[in-house]
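Understanding the architecture of this molecule
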Amino acid sequence: MVSPSESRRAVVIEDDPDIRGLLVRVLAKQGFDVTHAGAGLPGVEEVRRRKPDLVTLDLNLPDLDGLEVCKLLREFSDAFIVMLTARADELDKLTGLDNGADEYISKPFSPRELQSRINALFRRRPSAAAESAARGELERATEVQQSLLPKEDIRVDGYDVAGNFRPSRNVGGDFYDWYQTPEGLHLTFADAMGKGMGAALIAATVRAVMRSTGQRQDLDAGFASASKAIATDLDSSNSFVTLFHARLDAASGKVSYVDAGHGLALHIQPVGPAERLPSGGPPVGAWPGTQWPHAELELAPGDTLVVVSDGVLDVFASVEDFTDAVQAATQSAGSAQEASSAILALAPAETAEDDVTVVVVRRLSSEDAAA
């Protein structure tokens, strides 16, 4: 017997009143709270209102084709959809279509067959307790990940700095961190392998360690010390982290950096092609004993350093297409924040499968600095 806390809802979308009545009775007998509609558009609205766990959908409706109704439902509902058709010759065709339905049954059908098919669908779905636990872990991982981001804007004379972060539905290990120094700023940009709480906790460890070694004057030695401190946690979790860590000397525009397997930092000038900064070695935790030499670049007035996550790269067919798109978004923007938002928009939230993170450091031109 289904408990009240586990009560399931169903919507029947069927124009034939006799079949509609049969479906309602069969589903009610299985413990569903059932409502119904006699056409496609009213059915879509009923599903939107009721948020059911199951929808039975007739293929031949008086106002809309059942396939079109199915596509509309999939825009907002993750309910199981069982599609019914009176034409047996359509069944093979329907089962080969990727239209969002979970099951297909030809009319006339037996109530026992319908019950069996529905039970099989719900056996695939995790229990309410498992779903609740998963949601709770996702929420906690999101809180950890959000806590790693800088809590304040950073202001460095002669520079415009902005960052943007958008988590995916699964929550990964992306984060960026920055803080001001007497000379300029320190920036850390990282992506811990994996999803959920495990990746978020690794990212938290990386942030804490990188901050603790930030005062060391020697960048190579500081990074080596940090990577050694992180390695134990990474080894025990069979994980690794890509890292881009940089120090800016604001007066000279010199950026000293270490790139450990990240490879998605770009030096973009006001005109001309962008330069993608080469990675200095594998991710931290990939191979023991690795050393990462630091490199340098100079930001001239008007130049921009852009660091992005692979959530942006994944959108493009090639690294070249990615580089061109980030360059165009940066060069056409009037500020670091505009550039950051434009790059984030390259990976729309509805299609992005991974976290999307962007940091933009722009050295102001003499005209911009005087404005």
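All figures in this text were calculated on a predicted structure; none of them were measured in a lab.

Focus on the confidence of the model for the protein
The pLDDT averaged across the protein works out to 84; a share of 87% of its residues lies at or above 70. Overall, residues 1–5 carries pLDDT values under 50, and its contacts beyond four positions in sequence, including any with other chains, amount to one contact.

Structural notes on the pairing of strand β10 (residues 254–260)
Most of β10 sits inside the fold, with six of its seven residues counted as buried. Bridge count between strand β9 (residues 241–249) and β10: six bridges; the pairing is antiparallel. Residue D249 lies in a different strand from β10, and its bridge partner there is K254. Hairpin connection of β9 to β10: four residues between the antiparallel strands, including G253 at a positive phi of 80°. Bridging between β10 and strand β13 (residues 295–298) involves four bridges; their strand directions are antiparallel. The residue of β13 that forms the bridge with K254 is E298.

What to know about the nonpolar core
Residues Y159, F244, V255, L305 and V361 are the most contacted members of the largest nonpolar core, which totals 25 residues. For V361, the residues in contact, after removing those within four places along its chain, are Y159, D160, V161, L248, L299, D303, T304 and L305.

Re the sheet that holds strand β12 (residues 275–276)
Reading across the sheet, the five strands line up as β6-β15-β14-β11-β12 and stay open at both edges, with antiparallel pairing between neighbours. Sheet topology places β6 (159–166) and β12 at the edges, where each strand pairs with a single neighbour. Here helix α10 (residues 319–331) sits on the sheet in contact with β11 (265–268), β12, β14 (304–308) and β15 (356–363), set at roughly 50° to β11.

Regarding the packing of helix α2 (residues 40–50) against helix α3 (residues 66–74)
Where α2 meets α3, the closest approach of the two axes is 10 Å, and the angle between their N-to-C directions is 20°. The angle between α2 and α3 falls in the class roughly parallel. Crossing angle aside, the handedness with which α2 passes α3 is right-handed. Contacts between α2 and α3 involve G40, V44 and V47 on the former and, on the latter, V69, L72 and L73.

What about the packing of α10 against helix α11 (residues 336–344)?
The N-to-C vectors of α10 and α11 enclose an angle of 145°; their axes lie 8 Å apart at closest approach. In the crossing of α10 with α11, the sense of the turn from one axis to the other is right-handed. Residues V326, A329 and T330 of α10 pack against A339, A342 and I343 of α11. By residue class, the composition of the contact of α10 with α11 is five nonpolar, one polar and no charged.

Here we look at the environment of G40
Turning to its location among the elements, G40 is positioned in helix α2. A relative accessible area of 0% means that G40 is categorised as buried. With 24 residues separating them in the primary sequence, G40 and L64 have C-alpha atoms 5.5 Å apart.

Focus: the packing of aromatic side chains
Tallied over the full model, the rule gives six aromatic pairs. Aromatic side chains F80 and F122 sit 5.0 Å apart centroid to centroid with 75° between the ring planes, which places their arrangement in the edge-to-face category. A residue pair is termed long-range when its members are at least 10 positions apart, and F80 in strand β4 (residues 80–85) and F122 in helix α5 (residues 111–124) qualify at 42 residues. Taken together, the ring pairs connect F32, F80 and F122 into an aromatic cluster.

Examining α3
Of all the residues in α3, the buried ones are G66, L67, V69, C70 and L73. Taken down its axis, α3 places every buried residue within 160° of arc, on the same side.

Cut-offs applied
- Residues numbered from 1 in each chain as written.
- Predicted model: local features only at pLDDT ≥ 70, side-chain atom pairs only at ≥ 80, totals over all residues.
- Heavy atoms only, no water.
- pLDDT = per-residue confidence, 0-100.
- Contact = heavy atoms within 4.5 Å.
- Buried < 20%, exposed > 50% of the residue type's maximum accessible area, 1.4 Å probe, protein only.
- Helix = DSSP H or I, 4+ residues; strand = E, 2+ residues; numbered from the N terminus.
- Pairing = 2+ DSSP bridges.
- Core = buried A, V, L, I, M, F, W, Y, C linked by side-chain atoms within 4.5 Å.
- Axes fitted to C-alpha atoms, helices over the stretch in contact; angles between N-to-C directions.
- Parallel < 35°, antiparallel > 145°, perpendicular 65-115°, else oblique.
- Left-handed = near helix turned anticlockwise from the far one by under 90°.
- Nonpolar A, V, L, I, M, F, W, Y, C, P; charged D, E, K, R; others polar.
- Phe/Tyr/Trp six-rings, centres within 6.5 Å; stacked < 30°, edge-to-face > 60°.
- Arc of directions from axis to C-beta.

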